[in-house]
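Each chain is listed here by its residues.
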Amino acid sequence: MKGLFLVLALCLEYANAFYLPGVAPTPYKAGDKVPLLVNHITPSINQEDSSAKTYLYSYDYYFPRFHFCKPADGPEKQSESLGSVIFGDRIFSSPFELNMLENKTCQNLCSETYSKSDAVFVNRNIRAGFKHNWLIDGLPAARQMLDEQTGTTFYNSGFHIGYVDDENVAHLYNHYDIYIEYHKRKEDEYRVVGVIVDPKSLTQTADVTCDPETPVPVTLSQEADTGVTFTYSVYFIESPTVWATRWDKYLHVYDPKIQWFSLVNFSLIVIFLSIIMSHILIRTLRNDIQKYNEINLDDDMIDEMGWKLVYGDVFRPPKNPMLLSVLVGSGVQFLLMAVSTCGFALLGLLSPSNRGSLATLMFVLYAVFGSVGSFTSAYIYKFFQGEDWKTNMILSPLLVPGALFGLFIFFNFFLIFAHSSGAVPIGTMFVIVLIWFAISVPLSCFGSLLGFRRPAIKVPVKVNQIPRQIPKQAWYLKTSNMALIAGIFPFGAIAIEMYFIYNSLWFNRIYYMFGFLFFCFILMLITTLLVTLLLIYYTLCNENYKWQWRSFFVGGGISVYVFLHALILSKFRLGGFTSVILYVGYSLVISLGIGLLCGAVGFIGVMVFVLSIYSQIKVD
Ligand SMILES: *[C@@H]1O[C@H](CO)[C@@H](O)[C@H](O)[C@H]1NC(C)=O
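Within an unreviewed UniProt entry, the label attached to the chain reads Transmembrane 9 superfamily member, and the organism entered is Ogataea parapolymorpha. The UniProt entry for the chain carries the following text under Subcellular location (unreviewed entry): "Membrane". Per UniProt, the chain carries the Sequence similarities (unreviewed entry) text "Belongs to the nonaspanin (TM9SF) (TC 9.A.2) family."

Chemist: Quick question: what am I supposed to make of the site of the ligand here?
Modeler: Around the ligand, the neighbouring residues are Leu-101, Asn-103, Tyr-235 and Phe-236. Considered class by class, the residues forming the shell around the ligand number three nonpolar, one polar and no charged.

Chemist: Any chance you could explain the sheet that holds strand E1 (residues 36–38) here in plain terms?
Modeler: Two pairing modes exist for strands in a sheet, parallel and antiparallel, and in both the strands are linked by backbone hydrogen bonds. Taken in spatial order, the four strands make up an open sheet running E3-E1-E6-E7, and their pairing is antiparallel. Bordering the open sheet on either side are strand E3 (92–93) and strand E7 (139–140), each of which pairs with just one other strand. Sheet topology note: the strand E6 (residues 134–136)/E7 ladder contains two bridges and is antiparallel. Directly across from Leu-135, in E7, lies its bridge partner Pro-140.

Chemist: How do you make sense of the packing of helix H5 (residues 321–346) against helix H12 (residues 548–556) when you look at a structure like this?
Modeler: The relative placement of two packed helices comes down to the angle between their axes together with the axis-to-axis distance. Put simply, H5 and H12 touch, their axes get as near as 11 Å, and they point 35° apart. Classified by chirality, the crossing of H12 by H5 is left-handed. Residues Leu-323, Leu-324, Leu-327 and Val-328 of H5 lie in contact with H12, whose contacting residues are Gln-548, Trp-549 and Phe-552. Taken together, the residues of the contact of H5 with H12 break down into six nonpolar, one polar and no charged.

Chemist: Sorry, what's going on with the nonpolar core here?
Modeler: Soluble globular proteins: nonpolar side chains tend toward being buried together. In this structure, Trp-134, Ile-178 and Tyr-614 are the most contacted members of the largest nonpolar core, which totals 164 residues. Among the elements that make up this core, the one with the highest residue count is helix H14 (residues 576–614) (19 residues). Counting contributing residues, this core receives three or more from each of domain 1 (31–249) and domain 2 (306–614). Sequence-distant contacts of Trp-134, that is, excluding residues within four places in its chain, are made with Leu-36, Leu-37, Val-38, Tyr-61, Phe-96, Leu-139, Pro-140, Ala-141, Phe-159, Tyr-176, Ile-178 and Val-197.

Chemist: Would you take a moment to explain H12 for this structure?
Modeler: A large share of H12 lies buried, amounting to eight of its nine residues. Considered for burial, the residues of H12 that qualify are Gln-548, Trp-549, Arg-550, Ser-551, Phe-552, Val-554, Gly-555 and Gly-556. Here the buried face of H12 lies against H5, helix H10 (479–507), helix H11 (514–541), helix H13 (558–568) and H14.

Chemist: Please explain the state of the cysteines as it appears in this structure.
Modeler: Disulfide: a covalent bond connecting the sulfur atoms of a pair of cysteines. All told, the structure shown has two disulfides when counted by the stated rule. Linked covalently through their sulfurs, Cys-106 and Cys-210 form a disulfide whose S-S length is 1.9 Å. Disulfide Cys-106-Cys-210: torsion about the S-S bond near 75°, hence right-handed. Placement of Cys-106 in strand E4 (residues 104–114) and of Cys-210 in the loop between strand E14 (189–200) and strand E15 (226–238) is noted, with a sequence separation of 104 residues between them. Since its relative accessible area comes to 22%, Cys-106 is described here as partly exposed. Cys-210 gets classed as buried once you look at its relative accessible area, which sits at 14%. Disulfides within the chain link the bonded cysteines, taken in sequence order, as 1-3, 2-4. No disulfide involves Cys-520; its sulfur sits 10 Å from the nearest other cysteine sulfur, which is in Cys-342. Sulfur of Cys-598: no disulfide; nearest cysteine sulfur belongs to Cys-520 and is 13 Å away. Classification of Cys-598 as buried rests on a relative accessible area of 0%.

Chemist: Explanation requested: the packing of helix H8 (residues 389–417) against H14 in the structure shown.
Modeler: Contact geometry for H8 and H14: axes closest at 10 Å, N-to-C directions at 165°. Judged by the angle between their axes, H8 and H14 are roughly antiparallel. Handedness of the H8/H14 crossing: left-handed. When H8 is examined against H14, the residues Val-400, Leu-404, Leu-407, Phe-408, Phe-410, Phe-411, Phe-414, Leu-415 and Phe-417 are found in contact with a partner set consisting of Phe-577, Thr-578, Ile-581, Leu-582, Gly-585, Tyr-586, Val-589 and Leu-596. Grouping the constituent residues of the contact of H8 with H14 by class yields 15 nonpolar, two polar and no charged.

Chemist: It is not clear to me how a nonpolar patch on the surface should be interpreted in this structure. Could you clarify?
Modeler: On the surface, a nonpolar cluster with roughly 780 Å² of combined accessible area is contributed by Ile-269, Leu-273, Trp-475, Tyr-476, Ile-485, Ile-488, Phe-489 and Tyr-538. Elements that contribute at least two residues to the nonpolar patch include exactly helix H4 (256–294) and H10. Broken down by element, the residue count for the nonpolar patch peaks at three residues, all from H10. Note on placement: Ile-485 falls in helix H10.

Chemist: Would you take a moment to explain the domain arrangement of the chain for this structure?
Modeler: By a widespread convention, an interface's size corresponds to the accessible area lost as its parts come together. Domain assignment breaks the chain into domain 1 (31–249) and domain 2 (306–614). One C-alpha centre belongs to domain 1, the other to domain 2; they are set 41 Å apart. Roughly 2900 Å² of surface becomes buried between domain 1 and domain 2 when both sides are summed, with 63% attributable to carbon and sulfur atoms. By the criterion of area lost to domain 2, the three top residues of domain 1 are Leu-56, Tyr-57 and Leu-82, representing 24% of everything that side buries. Here domain 1 and domain 2 share one salt bridge between them. At the junction of domain 1 and domain 2, the tally comes to ten residue pairs in polar contact (both at pLDDT 80 or more). Listing elements by their share of the side of domain 1 that touches domain 2, those giving two or more residues are strand E2 (53–54), helix H2 (82–86) and strand E9 (152–157). When the residues that make up the side of domain 1 that touches domain 2 are grouped by side-chain class, the tally is 15 nonpolar, 15 polar and five charged.

Chemist: Please clarify how helix H3 (residues 116–127) should be interpreted in this entry.
Modeler: It helps to recall that an α-helix has 3.6 residues per turn; residues three or four apart then point in one direction. Its twelve residues place the ends of H3 17 Å apart at the C-alpha level, agreeing with the 16 Å of an ideal helix rising 1.5 Å per residue. Buried within H3 are the following residues: Asp-118, Ala-119, Phe-121, Val-122, Asn-123, Asn-125 and Ile-126. On its buried side, H3 packs onto E4, strand E11 (162–164) and strand E12 (170–172). Within two residues after H3, Gly-129 carries a phi angle of roughly 85°, on the positive side.

Chemist: How should unusual backbone geometry be read in this particular structure?
Modeler: Positive phi values are uncommon outside glycine, yet Gln-385 reaches one of about 60°. Residue classification places Gln-385 among the partly exposed positions, given a relative accessible area of 48%. Phi at Glu-543 is positive, roughly 65°, even though this residue is not glycine. Accessibility expressed as a relative area gives 18% for Glu-543, which makes it buried.

Cut-offs applied
Residue positions are given per chain, counted from 1 along the sequence in the order it is written. Per-residue local features of the predicted model are confined to residues with pLDDT of at least 70, and side-chain atom pairs are confined, for both listing and counting, to 80 or more; whole-chain, interface and lining totals are unaffected and use all residues. The basis for the side-chain values is all heavy atoms of the structure; hydrogens and waters are excluded. UniProt positions are given in the numbering used here, feature names are shortened, and annotations may be inferred rather than shown by experiment. Throughout, near means a residue has at least one heavy atom within 4 Å of the molecule or strand. Polar here means any residue outside two lists: the nonpolar Ala, Val, Leu, Ile, Met, Phe, Trp, Tyr, Cys and Pro, and the charged Asp, Glu, Lys and Arg; Gly therefore counts as polar. Strand pairing requires that DSSP identify at least two bridges connecting the strands. Only DSSP runs of H or I reaching four residues or more are called helices, and only runs of E reaching two or more are called strands; each is numbered from the N terminus. For helices, the fitted line uses only the C-alpha atoms of the stretch in contact; every axis is such a line through C-alpha atoms, and the angle between N-to-C directions lies from 0 to 180 degrees. Here a crossing is taken to be left-handed if its near helix is turned anticlockwise relative to the far helix by less than a right angle, and right-handed if that turn runs clockwise. Here a residue-residue contact requires only that any non-hydrogen atoms of the pair lie within 4.5 Å. Think of a nonpolar core as a cluster: buried Ala, Val, Leu, Ile, Met, Phe, Trp, Tyr and Cys residues, connected wherever their side-chain atoms sit within 4.5 Å. Under the scheme applied here, a residue whose accessible area is under 20% of the maximum for its type counts as buried, over 50% as exposed, and between as partly exposed, the area being computed with a 1.4 Å probe on protein chains only. The split of the chain into domains comes from an automatic or database domain assignment. The term disulfide is used for any two cysteine sulfur atoms that are within 2.5 Å. Should an angle lie under 35 degrees it is considered roughly parallel, over 145 roughly antiparallel, and from 65 to 115 roughly perpendicular; all remaining angles are considered oblique. Like-charged residues within 9 Å of one another, or nonpolar side chains (Val, Leu, Ile, Met, Phe, Trp, Tyr) within 5 Å, are grouped into patches, provided each residue has over 30% relative accessible area and no salt bridge. In this description, accessible areas are obtained by the Shrake-Rupley approach with a 1.4 Å probe, and a residue is regarded as covered only by the protein chains that are shown. The working definition used for a salt bridge is a side-chain nitrogen of Lys or Arg within 4 Å of a carboxyl oxygen of Asp or Glu. Throughout, the accessible surface (probe 1.4 Å) given up by two parts as they are put together, summed over both, is called the buried area. Two N or O atoms count as a polar contact when they lie within 3.5 Å, although within protein this holds only if one can serve as hydrogen donor and the other as acceptor, and sequence-adjacent residues are included solely when both atoms are side-chain atoms. Multiplying 1.5 Å by the residue count of a helix minus one yields the expected span of that helix.

Pasting the structure below:
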């Protein structure tokens, strides 16, 4: 259904107002047709009723059981970008007839009959808070809301398909008051700058009026067939908003102060921590190195001195060098994709009008950075004195992306089973595989070859023939415990941001706080690096030379917290088996992705660290 990720201007104000230069405004003359397109029907969290179930998959607008009105000559599918399809957009034409500046009241759309079973289905979805997602001139139809904290109005994209009244009865919205805000640019040139829909539930009598004296809401009976007539009215309202800022009201930030506050707080802690840590580390190391280089090697004193003792083993290749190098390569690939996606977003290259541009960009960057990932994998594999470079070359572009694709297909089966529109069509799957094998794999192989052809990293000290005995380690020095300790710190940096990411992933909210995200992301990387370095230094001082896998796991410890956070803090009750599978599955994929990324950062940081400290000591 969807995929996700990360993250340059620290100013929220700037991050808010990014527009793609390539998206040109559409000029309309009075009377021109303004097309209303309908997108999928998406879930949301029902805020009023905490006992309501939440579903995590969307439906086609024209899914037959909803009985929404179709155009006379059948709905027409609109062309969409690859990312848009992967992210679940399914856009179709609609029967609404809108003409610039022409107000219309109470237009009849169609009449439909809901059978008992369809009524059960629709009522369930009203309760679950499913929403319409209409698009006019690239703008989502929204409801106007008031932010009570700041007293400003903003637009909340989408509107519910119905509502639940005080007696806990579900009512279907069958009348739509559509308000189109337009900006008059010059004589007879108008632009759409806002779309608000005010839906109503009105039982229609034989003579269809949309303004009855005593309105009776529509209730779909679960005992008998119910007839429903759909109607709409359109009003064109002049607005001072100019086209360039039309998205501002949609990209409303709830309570930015709290976010800033926690962010500033956290970054102060990180800066403080890193100063202390670098100070300690550098000072201790300098002392260590000085002492080591002064005293004689067979001096008794050497026993008390930590990390130098293992110089003869520290560059001994780890177990499973193949897997580790491939995983680190994949982590680097994720890292580069995340950083450059954020970079593009912050430069203002991803307009919300350009649906799916974020996903398309992520996908393309991921494919392209396969080259750097494979290069890293090959280079590290060579450092581990691996011989089987062909396997490494094949595994690098296939292992992690293949697993991702496999999971994607697995989730897709559940979506098909649930009749969700989120299921990605076979054609799109085929395009993904094609891009993979036509672009990413050749680039990866090229990267691998470059990696293997470079001279291997020179090891500053020779590896002893016989491995050294590792003394018994305290319980907290076990890799798993260390990873758990280390993971908390970087997780603190991105915990706030995860909430917004999940919201955009599951509930079709536009994600736009790339400034925040980028900042948090950088904090996360720095924290990961510092904590991993410190813990591995500590391990080496305890005469445990097996730093390779350990640094990867310690760096990746964050994933445990990301996963638990997703499971525990989901403040909604999932409806249906498919929702549970999707939620747990995607949470797992996201947390492992972040783990892989941070693991790679931890490993590479420690590798550089180890190489540099052992090159400073004199060994005879
Ligand atoms: C259309 O309706 C809106 C809202 O009622 C009103 O402000 C506007 O003047 C109307 N436009 C025309 C052309 O009648």
